[in-house]
Amino acid sequence: MTTIAPGATIGILGGGQLGRMIAMAAAQLGYRTHIYAPEESGPAADVSPSWTQGAYEDAAALAAFAEGVDVVTYEFENIDPSAVEVLASHGLVRPGAGALRIAQDRLAEKRFVADLGGLTAPFAPVGSLDDLETAIETIGSRAILKTYRMGYDGKGQARINEPGDAVGAWNAIGRQPAILEGFVTFDQEYSVILVRGADGAVRFWDSAANVHVDGILATSTVPAGSLIEGQLPAARALAKQVADALDYVGVLTLEFFASADGPVFNEMAPRVHNSGHWTTEGALTSQFENHVRAICGLPLGDTGLAARQVEMRNLIGDDAAEWLAILSDPENHLHLYGKHEARPGRKMGHVTRLSL
Ligand code: AMP
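What you see is a predicted model, and the numbers here were worked out from it, not measured in a lab.

Cut-offs used in this document
- Residues numbered from 1 in each chain as written.
- Predicted model: local features only at pLDDT ≥ 70, side-chain atom pairs only at ≥ 80, totals over all residues.
- Heavy atoms only, no water.
- Pairing = 2+ DSSP bridges.
- Helix = DSSP H or I, 4+ residues; strand = E, 2+ residues; numbered from the N terminus.
- Axes fitted to C-alpha atoms, helices over the stretch in contact; angles between N-to-C directions.
- Contact = heavy atoms within 4.5 Å.
- Patch = residues over 30% accessible without salt bridge, like charges linked within 9 Å, V, L, I, M, F, W, Y side chains within 5 Å.
- Areas by Shrake-Rupley, 256 points an atom, 1.4 Å probe, with all protein chains shown as cover.
- Salt bridge = Lys/Arg side-chain N within 4 Å of Asp/Glu carboxyl O.
- Buried < 20%, exposed > 50% of the residue type's maximum accessible area, 1.4 Å probe, protein only.
- Near = heavy atom within 4 Å.
- Polar contact = N/O pair within 3.5 Å; in protein donor to acceptor, adjacent residues only side chain to side chain.
- Domains from an automatic or database assignment.

Student: Looking at this model, I keep getting lost on the sheet that holds strand 2 (residues 32–37). Mind explaining?
Tutor: Hydrogen bonds between backbone groups are what pair the strands of a sheet, and the pairing can be parallel or antiparallel. Read across the sheet, four strands follow the order 3-2-1-4 without closing on themselves; strand pairing throughout is parallel. Among the strands making up the open sheet, the edge pair consists of strand 3 (50–53) and strand 4 (71–74). Across the sheet, the axes of successive neighbouring strands diverge by a mean angle of 25 degrees, strand direction being ignored. Pairing between strand 1 (residues 9–13) and strand 4: four bridges, direction parallel. Residue L13 lies in a different strand from strand 4, and its bridge partner there is Y74. The strands that helix 2 (residues 59–67) touches are strand 1, strand 2 and strand 4; relative to strand 2, the one it contacts most, it runs at about 175 degrees.

Here you go:
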């Protein structure tokens, strides 16, 4: 097993807030970080000593980047897997290209999880308006049309309530390859976040109850309550199967709906996740630190709770202007991502509160 000792350099694809928080955890453990991203700068630039601006399609620039780092990871999964394969031919990439290939494609991830015995919403691939009309006949007209790729925070999605909505939905997602998903009736949403070490050891954090507003995560609360807790053994078993099947190394997130039939898998992210931000103060080891430990082949830290109750609230758009009021309550832990412009729907920071 390769161990990458403190002092080495971790390469991170993507320079947003997740990269920023991974870089901060890496620095705590004595690593340097080097970001590779198409933008000139970003939230991770403030805390990472090196930044390469390059396209994810630029094989030569990626190869040069890979040569200068000891391990590569990513904070953003919509990267062409061929780019990750270029990196892998020059050194260690964790998690590997296989996980990325599945997690970035809604059809592939649903099939993968269904093949492992997991419950998903009924789904069908849609490549044309004709396909969509046929899929509505089999799945039903209460459904959501989602593009295969580049979908996150409710983007690339259109709701369907009746068969007549098909044309509008198909146009709304830009007539791209998509899946039609039956609408799941659920009581709550939650995520299972695990870390799998290079030796195959797996640890889970407590699962938070996640509340979304307009398709964007608003709050994550731990403990999640008895409904979600009752489903965790099954949800965790599935998440572990996924991680083992992919020989996954790092933090992996699976999102679920708590339905009357048990956990319904929604989607996975091969990375640290917004619904795990509470772990920075609320768990004994954060998702960011354990991700760094895993990809560097180090022993994993304890994922236990550090408080009786934890709530994380996202600061979206103008919410972040309230920073002074937030800080006026000494129990609030404020995280701002250093973004200059507060556009509507943009994640600007988060606040975590612990109850001891
Ligand atoms: P996603 O981008 O797939 O995470 O979807 C964003 C949000 O839309 C989810 O967190 C749910 O609140 C809702 N949603 C997505 N898919 C479904 C579904 N099949 N049935 C009901 N609600 C859904």
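Student: Whenever I open this one, the environment of A243 confuses me. Can you help?
Tutor: Relative to the elements of secondary structure, A243 occurs in helix 8 (residues 226–245). Sequence spacing of A243 and G68 is 175 residues, and the spatial spacing of their C-alpha atoms is 28 Å. In this structure A243 touches L194, R196, Y248 and L252, once residues within four positions along its chain are discounted.

Student: Is there a simple way to explain the sheet that holds strand 7 (residues 143–147) in this structure?
Tutor: Overall, antiparallel pairing links the four strands, which are arranged 6-9-7-8 in an open sheet. Two strands bound the open sheet, and with one partner strand each, they are strand 6 (123–126) and strand 8 (157–160). On average, adjacent strands in this sheet sit at an angle of 20 degrees to one another, irrespective of strand direction. Here helix 5 (residues 106–115) sits on the sheet in contact with strand 6, strand 7, strand 8 and strand 9 (178–182), set at roughly 150 degrees to strand 6.

Student: How do you make sense of a nonpolar patch on the surface when you look at a structure like this?
Tutor: Together, W323, L324, L327 and L336 give the surface a local cluster of nonpolar side chains, amounting to about 390 Å² of exposed area. No other element matches helix 11 (residues 323–328), which puts three residues into the nonpolar patch. Residue placement: L324 occurs in helix 11. You can call L324 exposed: its relative accessible area is 52%.

Student: Help me out: how do you make sense of the site of the ligand in this one?
Tutor: Around the ligand sit 15 residues, and of these K146, Q157, E181, E189 and E267 come closest. Contact between the ligand and Q157: an oxygen atom at 2.7 Å from a side-chain N or O atom of the residue. Backbone polar atom of V184 to a nitrogen atom of the ligand: 2.8 Å apart, as the coordinates give it. Inspection of the shell around the ligand shows a minimum of three residues originating in each of domain 2 (122–182) and domain 3 (188–355).

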